[in-house]
Amino acid sequence: MDRGINSFKQFITQNKAMENLVVDKAAPVAGMHVVKNSTMKALVYYGPGKKAWEDQPRPVLKDATDVIVKVLKTTICGTDLHIIKGDMPEVAEGRILGHEGVGIIEEVGASVSNFKKGDHVIISCVTSCGRCEYCKKGMYSHCENGGWILGYMINGTQAEYVRIPYADNSLFPIPAGADEEALVMLSDILPTGFECGVLNGQVKPGDTIAIVGAGPVGMAALLTAQFYTPAEIIVIDQDDNRLEVAKTFGATQTINSAKENAIEKVMALTNGKGVDTAIEAVGVPATFELCEEIISAGGHIANIGVHGKSVVLHMEKLWDRNISITTRLVDTVTTPMLFKTVQSKKIEPKKLITHRFKLDEMIKAYDTFEHAAREKALKVLLTS
Ligand SMILES: NC(=O)c1ccc[n+]([C@@H]2O[C@H](COP(=O)([O-])OP(=O)(O)OC[C@H]3O[C@@H](n4cnc5c(N)ncnc54)[C@H](O)[C@@H]3O)[C@@H](O)[C@H]2O)c1
Ligand SMILES: [Zn+2]
Ligand SMILES: [Zn+2]
């Protein structure tokens, strides 16, 4: 897929006329289609610092592998804040944001076989065709026909309706009676914290690990790291409220890096050795460099954060430390496993939801999440 801004603008212009047209199936005369304009509300990005909750054309099926989902619940991610800050200039103006949510299938493309109208589904933040070289390796994040495109390269879930390409591989079925609030956390943050942080960081029993960033993604790493029973989990952030919450989720030590010297404190807690795994869940140079400072010999730095600026890699200090550094865009390959742990309440990600809004209170929800420290916010949930 060509991710150039210009080609996407062209694509949008070419398709705008089509998107405005919806065939009304309840046409009064058999065999005759009445074409009408159909709109919905959506959160649209208009360049750095600019967004609007406004009328947009309702999505329609484009390919036989698509479905249209009516969004029942959605949320806002730290990545959406990066986009709005202007960290990701490749996002076209006019893009509907959002890559998380659960919904009900409204319309199904001709070749979709796993889902039918009325099914409840988890929308994965990553779209996967299931057929390309990367999908066959399980690296869905780099699917040649999808990957992370939702709310980024194609319109996303912060809307009343969303078109999901390659629906058979990009949606997860919700069984009747499941707690759909908790399942919103499976669209992105749980697989992200687990795959990019815990699995790449090779967390093992008895390890001492540090999680830098106690946002929803850092908290997801905190919850899922405990599958492997690390001995110590040090959570570092600048928000006292989030650090308090981290303690209730299993952090054994917390450090407010705005008030204390985080490097000195981690070294004091680890007998001067540093941590076995440092998980970066913020996405700014300072926090990645903090991970470089606190990693022990043989340790693993697992980056999760989306970075908009270059980071200094201190090879003059690290070249002989036998460490590994990993980066990853979440693949969502662990969603089925994580779903079971949520269903059995081995982990309870619903506790991450601090604020609930109606879908059309989107701007208020953004304001709350953007001022997370002031509002004592973690995950904000929007329900239609
Ligand atoms: N790799 C992936 O596939 C992937 C997927 C989803 C999200 N992400 C990224 O993960 C990161 C975290 O997402 P989130 O939703 O939890 O975001 P968030 O903005 O809610 O959380 C970030 C946390 O970092 C803290 N923080 C900011 N600056 C700090 C500093 N200098 N020192 C210590 N703490 C600091 C904030 O107080 C906040 O609690 C973001 O960068 C997001 O884009 C990556
Ligand atoms: Zn996200
Ligand atoms: Zn693919």
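See the structure above.
Just so we're clear, the structure is a prediction, and the values are computed from it rather than from any experiment.

A. Summary view of the site of ligand 1. By nearness alone, 26 residues border ligand 1, and Thr79, His82, Asp237, Arg242 and Val282 come closest of all. One of the side-chain nitrogen or oxygen atoms of Arg242 is found 2.7 Å away from an oxygen atom of ligand 1. In the complex, the protein chains occlude 86% of the 870 Å² of accessible area that ligand 1 would expose alone. Elements supplying a minimum of two residues to the shell around ligand 1: α2 (78–85), α6 (189–199) and α7 (216–225). In terms of residues, the shell around ligand 1 owes the most to one element, α2, which gives three residues. Partitioned by chemical class, the residues of the shell around ligand 1 number 12 nonpolar, 10 polar and four charged.

B. Summary view of the packing of α7 against helix α8 (residues 240–248). Put simply, α7 and α8 touch, their axes get as near as 10 Å, and they point 20° apart. When the axis of α7 is compared with that of α8, the two are roughly parallel. Crossing of α7 over α8 shows right-handed handedness. In contact with Pro216, Met219 and Leu222 of α7, α8 contributes Arg242, Val245 and Ala246. Across the contact of α7 with α8, the residue classes break down as five nonpolar, no polar and one charged.

C. Here's a closer look at the coordination of the zinc ion (ligand 3). Around the zinc ion (ligand 3), the donor atoms from the protein are Cys129 (SG), Cys132 (SG), Cys135 (SG) and Cys143 (SG), and they sit 2.3 to 2.4 Å away. For the zinc ion (ligand 3), the four donor atoms in the first shell make angles of 101 to 119° at the metal, so the coordination geometry reads as tetrahedral.

D. Up close: the packing of aromatic side chains. Overall, the coordinates contain four aromatic pairs when judged by the stated rule. Relative to Phe339, the ring of Phe172 has its centre 5.0 Å away and its plane inclined at 50°; by these criteria the two rings are tilted. Taken together, the residues span a long stretch of sequence, with Phe172 in strand β10 (residues 171–173) and Phe339 in helix α12 (residues 335–343) at a distance of 167 residues. In this structure Phe339 comes out as buried when scored by relative accessible area, which is 11%. Ring pairs connect the aromatic residues Phe194, Phe227 and Tyr228, which therefore count as one cluster. Sitting over the face of the ring of Tyr161, Arg58 holds its NZ or CZ atom 4.1 Å from the ring centroid.

E. How the structure looks around the coordination of the zinc ion (ligand 2). Within the protein, the zinc ion (ligand 2) binds to Cys77 (SG), His99 (NE2) and Asp188 (OD); these donor distances fall in the range 1.7 to 2.2 Å. Coordination of the zinc ion (ligand 2) draws on donor residues from a single chain, spaced C-x21-H-x88-D in sequence. Of this pair, Cys77 sits in the loop between β5 (67–75) and α2 while Asp188 sits in the loop between α5 (180–183) and α6; the two residues are 111 residues apart in sequence, bridging distant segments of the chain. Relative accessible area serves as the criterion here: at 3%, Cys77 is assigned to the buried category. Residue class for Asp188 comes out buried when judged on its relative accessible area of 6%.

F. How the structure looks around the packing of α2 against helix α13 (residues 362–370). Remark: α2 packs on α13, axes separated minimally by 11 Å, with the N-to-C direction vectors making an angle of 95°. With respect to α13, the element α2 is oriented roughly perpendicular. Contact with α2, carried on its side by Gly78, Asp80, Leu81 and Ile84, involves Tyr366, Phe369 and Glu370 of α13 and no other residues of that element. Partitioning the contact of α2 with α13 into residue classes produces four nonpolar, one polar and two charged.

G. View of unusual backbone geometry. In this model, Gln202 sits at a positive phi of 50°, which is unusual for a non-glycine residue. Residue placement: Gln202 occurs in the loop between α6 and β11 (208–212). In this structure Gln202 comes out as partly exposed when scored by relative accessible area, which is 43%. With a phi close to 60°, Asn322 is a non-glycine residue in the positive phi region. Locating Asn322 in the fold gives a position in the loop between α11 (315–318) and β16 (324–326). By relative accessible area, which is 64% here, Asn322 ends up exposed.

Rules and cut-offs
Residues numbered from 1 in each chain as written. Chains lettered and ligands numbered in written order. Predicted model: local features only at pLDDT ≥ 70, side-chain atom pairs only at ≥ 80, totals over all residues. Heavy atoms only, no water. Near = heavy atom within 4 Å. Polar contact = N/O pair within 3.5 Å; in protein donor to acceptor, adjacent residues only side chain to side chain. Areas by Shrake-Rupley, 256 points an atom, 1.4 Å probe, with all protein chains shown as cover. Helix = DSSP H or I, 4+ residues; strand = E, 2+ residues; numbered from the N terminus. Nonpolar A, V, L, I, M, F, W, Y, C, P; charged D, E, K, R; others polar. Axes fitted to C-alpha atoms, helices over the stretch in contact; angles between N-to-C directions. Parallel < 35°, antiparallel > 145°, perpendicular 65-115°, else oblique. Left-handed = near helix turned anticlockwise from the far one by under 90°. Contact = heavy atoms within 4.5 Å. Donors = N, O, S within 2.8 Å, 3.2 Å for Na, K, Ca; no water. Tetrahedral: all angles 85-135°; square planar, octahedral: opposite > 155°, others 65-115°. Phe/Tyr/Trp six-rings, centres within 6.5 Å; stacked < 30°, edge-to-face > 60°. Buried < 20%, exposed > 50% of the residue type's maximum accessible area, 1.4 Å probe, protein only. Lys NZ or Arg CZ within 6 Å of the ring centre and 35° of its normal.

Function-wise, these values are silent; they only describe arrangement.
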